[in-house]
Amino acid sequence: MQSLLYASVIARHRRMAKYVFITGGVLSSVGKGIITSSVGKMLQTRGVKVTAIKVDPYVNVDAGTMNPYMHGEVYVTDDGGETDLDLGWYERFLDLNLNMNNNVTTGMVYKRVIEKERKGDYLGRCVQIVPHVTDEIKQRIRNVASHTGAEVVLTECGGTVGDIEGLPFLEAIRQMRLEEGYESTLYIHVALVPILDVTGEMKTKPLQHSVNELRRIGIQPDVIVARSKEIIDVEARRKIALFGTIPQNAVFCSFNVQSIYEVPLILDEQGMGSFILNRLDIKAQKPRWKEWKRFVNDVLNPRSEVKIALVGKYAGLADSYVSMNEALKHAAAACQTKVSSDFIEAEIFENHPEKLKTLNSYNGIFVPYGFGSRGAEGKVSAIQYARENNMPFLGICYGFQLAVVEFARNVCELEGANSTEIDATTPYPVIDLMPEQHKVEIKGASMRLGTHKIVVKGNTLAFSLYGSKEILERHRHRFEVNPEYRPTLEKKGLIFSGESVDGKRMEILELKAPCFFFASQFHGEFKSRPGRPDPEYFGFVKACLEKHLGRAIQKS
Ligand code: GLN
C-alpha cells in the first residue's frame, strides 16, 4: 500500500508521461519497428505528443561500430548519434527529430554503471543487475520522457523475448508497471503467426510460447499483435486471446501490405488506436489521416515507373540502405512515380568494364555511402559513365567523394587522383582525411557526425532544389575534399554549390545543366519524410522521370 502511494506521488511530481512497451516474440525482424512507429502514428494523429525509444540488448555502446552490410544501416541523428535503424522508422513515421538518447544499449548502460562504480558513487554497495542496471535503464527511459515532454513514450525492446541479453531490459520495464501504475503503462507483444503452406492453417502455438516466456519474466501483455501473411481468422484470434489471457478486442493483426506506410492504417481500422487510448485513459481528438492517406495513395498508385541503378557494395541485406530506399520512395511519391532500383555490385565493372553499357537501360545512377577500397574503382567507372552519357546521377557521401575523384582523373587529367582512404600514396589526394581526424585513435563516435550548417550558393541547381541559402544536414564521414584542389576542379567546371560556414569544407557538387549531376557530402536521406521528400532525392527522381518520359515535368 505504502509503495503504491509512493508510486503515485512520484508519478504526480514528474510530468505524467505514459509508457508503452513493445516486445517481440518467435523470431526477430518481425516488424516491431514498424509497429512501434505505427502505434506512435495512431496516437500522434489524434493529437497526442509521442516519442520513441529503442533499447538494444547488444553490448556495443552504439550502432556506429557495426557493419551495415551485416546489421543494417547506421542511422544518424541530428546530435550525431550513430543509432539503430529503427530510429529512422520512428523519425519517418512520426516526423520527429530524435537524438542519441532515444537509443539505449547494453553497452551504454553498463559503461555508465561501471563508471559510477569506479567513482565510488555506489557507496560501498555490491553493484548488481537488479537494482543498479535496471535503475539505469529506467532512468534513461524516464529522462527521454522529461526532456521531450512527451505524453506517451514508446519503448521498443530489440531482440526476441527469451534472449539472455534482453533480460535486464525486460526486468526494467516490468518494474515500471509497479512504479508508474497500471493506467500509465501498456505492454504490446508482437509475434509471428505462420500460415502452413499445405493446409493454409494459421498456427498460433509459437506465439503462445513467446507469451508464456514473457509471463515467466513477469510481464502479462495487454495487447498482442499477430504478424502474419494474411489477416488472422476468427479461430486464430480466439486462441491468441484465450492463451494470451486478453480480451479478443486486444488482439490485432499486422498482415502483409504493399507498402509499409499502410501499417498504421490497417491497425487503426482494427481499432488499435482507440483501444490504446482508452486503456491509457487519454482523451484525444478524432484521428486525422488525410495527409498520410494522400501520401499512401501516391505510393500505391504511381503513374509511371523509373529504373535506377544503385551501384554499391554487396548488400544482400535490404536494411543496409534503408533510409536511402525510403528517401527514394518519398521522392517518387511526390513525383507520382515509382522507383524500382536494381542493386549492382560495383566490383563487377572492375572485372567486366563492358558491363558498364548495361547502365544505359536505367534512367539514373545512384552511388550511395560506403567505406573502404573494395568496389571503389567500379563506382568511379559508373560515375564516369553517368557524366559522359548525360545520365541523372546522385552521389551520397562516398558517392560525392568518388565523383570528385572521377572528375579529377578524367576531366582535370590528374592521373592517379584518388582518396587517401583508397590509396594512401596517390600523387593527387583530392579526397583526404579531415585534419582533425589525424589524431583519432578510437573508432567509436569519432567521425564528423550529425547536423552541420551548409551555405548554398545562389543561382545553382542546389539553390533551386533547397530554395534557401542555408540548410542543415546530417553527416557521417572521416574524409573530405582536399581544399588544395578546389581551384583546379572548379577551373574545369566542377561547381561546389554548397560549403561549410567557414568555407573550408565542400558539401555539394554539381555540373552545369542540362544533365542532373549532383552529389553531397551529407546524407539527405536522414531528413526525408513521407510527404516531404528530401530535395536532393526529389531532384534526382524528378530528373530520372524526365529522362524516362523524354520531357520536362512541373515541380509538384
Ligand atoms: N568513407 C568515406 C569517409 O569516411 C565516406 C563515408 C560515407 O559514405 N558515409 O569519409
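One can find the structure itself at the top, above this paragraph.
Read on for an overview of the structure. (Residues numbered from 1 in each chain as written. Predicted model: local features only at pLDDT ≥ 70, side-chain atom pairs only at ≥ 80, totals over all residues. Heavy atoms only, no water.)

**Focus: the side chain of Glu73**
The criterion, for reference: Think of it this way: any DSSP run of H or I at least four residues long counts as a helix, any run of E at least two long counts as a strand, and we number them from the N terminus. To sort residues, take the accessible area from a 1.4 Å probe on protein chains only and compare it with the maximum for the residue type: under 20% means buried, over 50% means exposed, and anything in between is partly exposed. Counted as positive: Lys and Arg. Counted as negative: Asp and Glu, with His and the chain ends omitted from the count. When a carboxyl oxygen of Asp or Glu is within 4 Å of a side-chain nitrogen of Lys or Arg, the pair counts as a salt bridge. In the analysis that follows, any N or O atom pair within 3.5 Å is treated as a polar contact, provided that within protein one partner can donate a hydrogen and the other can accept it, and provided that, for residues neighboring in sequence, both atoms belong to side chains. Here a residue-residue contact requires only that any non-hydrogen atoms of the pair lie within 4.5 Å.
One can find Glu73 in the loop between helix 3 (68-71) and strand 3 (75-76). For the buried residue Glu73, which engages in no salt bridge, the nearest side chain bearing the opposite charge is Arg92, 4.9 Å off. A polar contact is formed between the side chain of Glu73 and the side chain of Ser323, at a distance of 2.4 Å. Apart from the residues within four sequence positions on either side, Glu73 is in contact with Pro68, Thr83, Leu85, Asp319, Ser320, Tyr321, Val322, Ser323, Met324, Tyr369 and Phe526.

**Describing the pairing of strand 1 (residues 18-25)**
The criterion, for reference: Strands pair, by our definition, only if DSSP identifies at least two bridges between them.
Counting buried positions over the 8 residues of strand 1 gives 8, a clear majority of the element. Where burial is concerned, the two faces of strand 1 agree: the one with Lys18, Val20, Ile22 and Gly24 and the one with Tyr19, Phe21, Thr23 and Gly25 are both buried. Strand direction decides the pairing type here: strand 1 and strand 6 (residues 152-157), joined by 5 bridges, are parallel. From the neighbouring strand, Lys18 faces strand 6, where its bridge partner is Val152. Pairing geometry for strand 1 and strand 7 (residues 185-192), over 7 bridges, is parallel. Bridging across to strand 7, Gly24 finds its partner in Val190.

**Quick look at the packing of helix 5 (residues 106-119) against helix 6 (residues 129-148)**
Test applied: Axis angles are defined between N-to-C directions and span 0 to 180 degrees, where every axis is a line fitted to C-alpha atoms and, for a helix, only to the segment in contact. Any angle between 65 and 115 degrees counts as roughly perpendicular, while under 35 counts as roughly parallel, over 145 as roughly antiparallel, and the rest as oblique. Crossings are classed by handedness, with left-handed meaning an anticlockwise turn of the near helix from the far one by less than a right angle and right-handed meaning a clockwise turn. Residue type decides the class: Asp, Glu, Lys and Arg count as charged, Ala, Val, Leu, Ile, Met, Phe, Trp, Tyr, Cys and Pro as nonpolar, and the leftover types, Gly among them, as polar.
At a minimum axis distance of 10 Å, the contact between helix 5 and helix 6 shows a crossing angle of 120 degrees. In terms of their interaxial angle, helix 5 and helix 6 are classed as oblique. Pair helix 5 / helix 6 crosses with right-handed handedness. Facing helix 5, whose interface residues are Met108, Val109, Tyr110, Arg112, Val113 and Lys116, helix 6 presents Ile129, His132, Val133, Glu136, Ile137 and Arg140. A class-by-class count of the residues in the contact of helix 5 with helix 6 yields 7 nonpolar, 1 polar and 4 charged.

**Considering the side chain of Thr134**
On the secondary structure map, Thr134 appears in helix 6. Among residues more than four places away in sequence, those in contact with Thr134 are Ile129, Pro168, Glu171, Ala172 and Gln175.

**Thoughts on the pattern of salt bridges**
One pass over the full model with this rule turns up 40 salt bridges. Across the salt bridge formed by Arg177 and Asp222, the nearest N and O atoms sit 3.0 Å from each other. Residue Arg177 is located in helix 7 (residues 167-180), and its partner Asp222 is located in the loop between helix 8 (205-217) and strand 8 (223-228); the two are separated by 45 residues in the primary sequence. The partner of Lys542 in a salt bridge is Glu546, and the shortest N-O contact between them spans 3.6 Å. Of this pair, Lys542 and Glu546 both sit in helix 19 (residues 535-549), 4 residues apart, roughly one helical turn.

**A word on the sheet that holds strand 17 (residues 470-477)**
The sheet built from 9 strands is open, its strands ordered 11-10-12-13-21-20-19-16-17 with mixed pairing. Every other strand in the sheet has two partners, leaving strand 11 (337-345) and strand 17 as the edge strands with one partner each. Strand-to-strand twist of the sheet, defined as the mean angle between neighbouring strand axes without regard to direction, takes the value 25 degrees. In this sheet, strand 17 lies alongside strand 16 (residues 448-456) in antiparallel orientation, the contact comprising 8 bridges. Following the sheet pairing, Ile454 is matched in strand 17 by Ile471. Across the sheet, helix 15 (residues 376-388) touches strand 10 (304-312), strand 12 (364-367), strand 13 (393-396) and strand 21 (517-520), and the angle it forms with strand 12 is around 150 degrees.

**Description of the site of the ligand**
The condition is simple: The nearness test applies per residue and asks whether one of its heavy atoms lies within 4 Å of the molecule or strand.
Near the ligand you find Tyr369, Gly370, Phe371, Cys397, Tyr398, Gln401, Glu421, Arg476, His477, Arg478, Phe479 and His523, and these make up its full shell. Backbone polar atom of Arg478 to an oxygen atom of the ligand: 3.0 Å apart, as the coordinates give it. Separating a nitrogen atom of the ligand from a side-chain N or O atom of His523 is a distance of 3.5 Å. Sorting the residues of the shell around the ligand by element identifies helix 16 (398-410) and strand 17 as the ones contributing at least two each. For the shell around the ligand, a count of residues per class yields 5 nonpolar, 4 polar and 3 charged.

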